[in-house]
Amino acid sequence: AQRVTQPEKLLSVFKGAPVELKCNYSYSGSPELFWYVQYSRQRLQLLLRHISRESIKGFTADLNKGETSFHLKKPFAQEEDSAMYYCALGAGFQKLVFGTGTRLLVSP
Amino acid sequence: DVKVTQSSRYLVKRTGEKVFLECVQDMDHENMFWYRQDPGLGLRLIYFSYDVKMKEKGDIPEGYSVSREKKERFSLILESASTNQTSMYLCASTSGLSSGNTIYFGEGSWLTVV
């Protein structure tokens, strides 16, 4: 069965501190991993996907198949990064399995 | 710019009522989805559709049904609303089955069942 685990419900950091949002997955096939973000009063939107290997808004995520992880990282957090972050696993027919989400709070 | 529109943003319904949540997308996407979003539970897939008149159960289909009569419209139906269906409902769509395609979400429909 496909499963995504985000162990932290809340991550609180100060502005300028490094951020790592953890994501682990369980999937027997070849995984497609995504990070989605939901800012206050906005719709859920794609932040980045592992196949693109890109950096968006300073965030990066590397797929580690050995550890079945796809952690989201940013070296210096900004206040505007405060949001709800969801890790998601692509599981056929573009069906996405989501984690429970981590709320990131960046304080000044 | 892709747009996924959920016509009702906030609804309050009584227990036992039949509830319709409508979703329309304007990008000719084949695949459409209904999720519910609950604190601490994340997003859970209720139903999805990969073509007109086609539907597949997601992880939590009990108490729900769907309708896809036209490609652009995907409706979620609560046959007899119950208080445990109070939630945020998210519609989403995407084209094709390629991993390069982005899934686009609507703004959500807040449903309260009293």
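Before any of the text, the structure's been laid out above.
Everything quoted here is computed from the prediction, not taken from an experiment. (Residues numbered from 1 in each chain as written. Chains lettered and ligands numbered in written order. Predicted model: local features only at pLDDT ≥ 70, side-chain atom pairs only at ≥ 80, totals over all residues. Heavy atoms only, no water.)

Thoughts on the sheet that holds strand E7 (residues 60-61) of chain A
Within a sheet, adjacent strands bond to each other through the backbone by hydrogen bonds, running parallel or antiparallel.
All names here are of chain A.
At step 1: With antiparallel pairing, three strands are arranged side by side in an open sheet as E3-E8-E7. With partners counted over all chains shown, the strands left at the sheet margins are strand E3 (19-21) and E7, one partner each.
At step 2: Bridging between E7 and strand E8 (residues 72-74) involves two bridges; their strand directions are antiparallel. Bridge pairing in E8 places Ala61 opposite Leu72. (Pairing = 2+ DSSP bridges. Helix = DSSP H or I, 4+ residues; strand = E, 2+ residues; numbered from the N terminus.)

Points about the interface of chain B and chain A
Frequently, the measure chosen for interface size is the accessible area removed from exposure when the parts meet.
At step 1: In this assembly, 26 residues from chain B lie in contact with 17 residues from chain A.
At step 2: Where chain B packs against chain A, one counts one salt bridge.
At step 3: For Arg43(A), the salt bridge is made with Glu107(B), and the minimal N-O distance between the two is 3.8 Å.
At step 4: There are seven residue pairs in polar contact (both at pLDDT 80 or more) connecting chain B and chain A.
At step 5: Looking at the side of chain B that touches chain A, the elements that each hand over two or more residues are strand E5 (31-38), strand E6 (42-49) and strand E10 (87-94) of chain B.
At step 6: Grouping the amino acids of the side of chain B that touches chain A by side-chain chemistry returns twelve nonpolar, twelve polar and two charged. (Contact = heavy atoms within 4.5 Å. Salt bridge = Lys/Arg side-chain N within 4 Å of Asp/Glu carboxyl O. Polar contact = N/O pair within 3.5 Å; in protein donor to acceptor, adjacent residues only side chain to side chain. Nonpolar A, V, L, I, M, F, W, Y, C, P; charged D, E, K, R; others polar.)

Here we look at the pairing of strand E11 (residues 102-107) of chain A
Residues and elements named next belong to chain A.
At step 1: The alternating pattern of E11 places Thr102, Leu104 and Val106 on a buried face, while none of Arg103, Leu105 and Ser107, on the opposite face, is buried.
At step 2: The pairing of strand E2 (residues 10-14) with E11 spans five bridges and is classified as parallel. Counterpart to Ser12 in the pairing with E11 is Leu105.
At step 3: Note: strand E9 (residues 83-90) against E11, three bridges, orientation antiparallel. Of the residues in E11, the one forming a bridge with Tyr85 is Thr102. (Buried < 20%, exposed > 50% of the residue type's maximum accessible area, 1.4 Å probe, protein only.)

A short note on the pattern of salt bridges
All names here are of chain B.
At step 1: Inspection of the entire model under this criterion finds twelve salt bridges over all chains.
At step 2: Of the charged contacts, one joins Asp38 and Arg36 as a salt bridge, the two residues approaching to 2.8 Å between their closest N and O atoms. With respect to burial, Asp38 and Arg36 carry one shared label: buried.
At step 3: The partner of Asp38 in a salt bridge is Arg44, with the nearest N and O atoms 2.9 Å apart.
At step 4: Judged by relative accessible area, which is 11%, Asp38 ranks as buried.

Regarding the environment of Lys71(B)
Residue and element names in this part refer to chain B.
At step 1: Residue placement: Lys71 occurs in the loop between strand E8 (64-70) and strand E9 (73-78).
At step 2: Measuring from C-alpha to C-alpha, the distance between Lys71 and Arg14 comes to 30 Å, with 57 residues separating the pair along the chain.
At step 3: Leave out the neighbours within four places in its chain, and Lys71 touches Gln25, Asp28, His29, Glu30, Met32 and Val52.

Remarks on the nonpolar core
At step 1: One finds Trp35(A), Leu72(A) and Tyr85(A) to be the most contacted residues of the largest nonpolar core, which totals 26 residues.
At step 2: Breaking this core down by element, the ones donating at least two residues are E2, E3, strand E5 (32-38), strand E6 (45-49), E9 and E11 of chain A.
At step 3: Tallying contributions element by element places E9(A) first for this core, with four residues.
At step 4: Counting residues in each nonpolar core, the second largest holds 20 residues, with Val19(B), Cys23(B), Met32(B) and Ile46(B) among its members. (Core = buried A, V, L, I, M, F, W, Y, C linked by side-chain atoms within 4.5 Å.)

Re the packing of aromatic side chains
At step 1: Summed over all chains, the structure comprises eleven aromatic pairs over all chains.
At step 2: Measuring from ring centre to ring centre gives 6.2 Å for Tyr86(A) and Phe98(A), while their planes differ by 90 degrees; the resulting arrangement is edge-to-face. Placement of the pair is Tyr86(A) in strand E9 and Phe98(A) in strand E10 (residues 96-98), with a sequence separation of twelve residues. Considered together, Tyr86(A) and Phe98(A) belong to a single accessibility category, that of buried residues.
At step 3: Centroid distance Tyr35(B) to Phe105(B): 6.1 Å. Interplanar angle 45 degrees. Geometry classified as tilted. Taken as a pair, Tyr35(B) in strand E5 and Phe105(B) in strand E11 (residues 104-105) lie far apart in primary sequence, 70 residues in all. (Phe/Tyr/Trp six-rings, centres within 6.5 Å; stacked < 30°, edge-to-face > 60°.)

Purely spatial values, then, with no claim about function.
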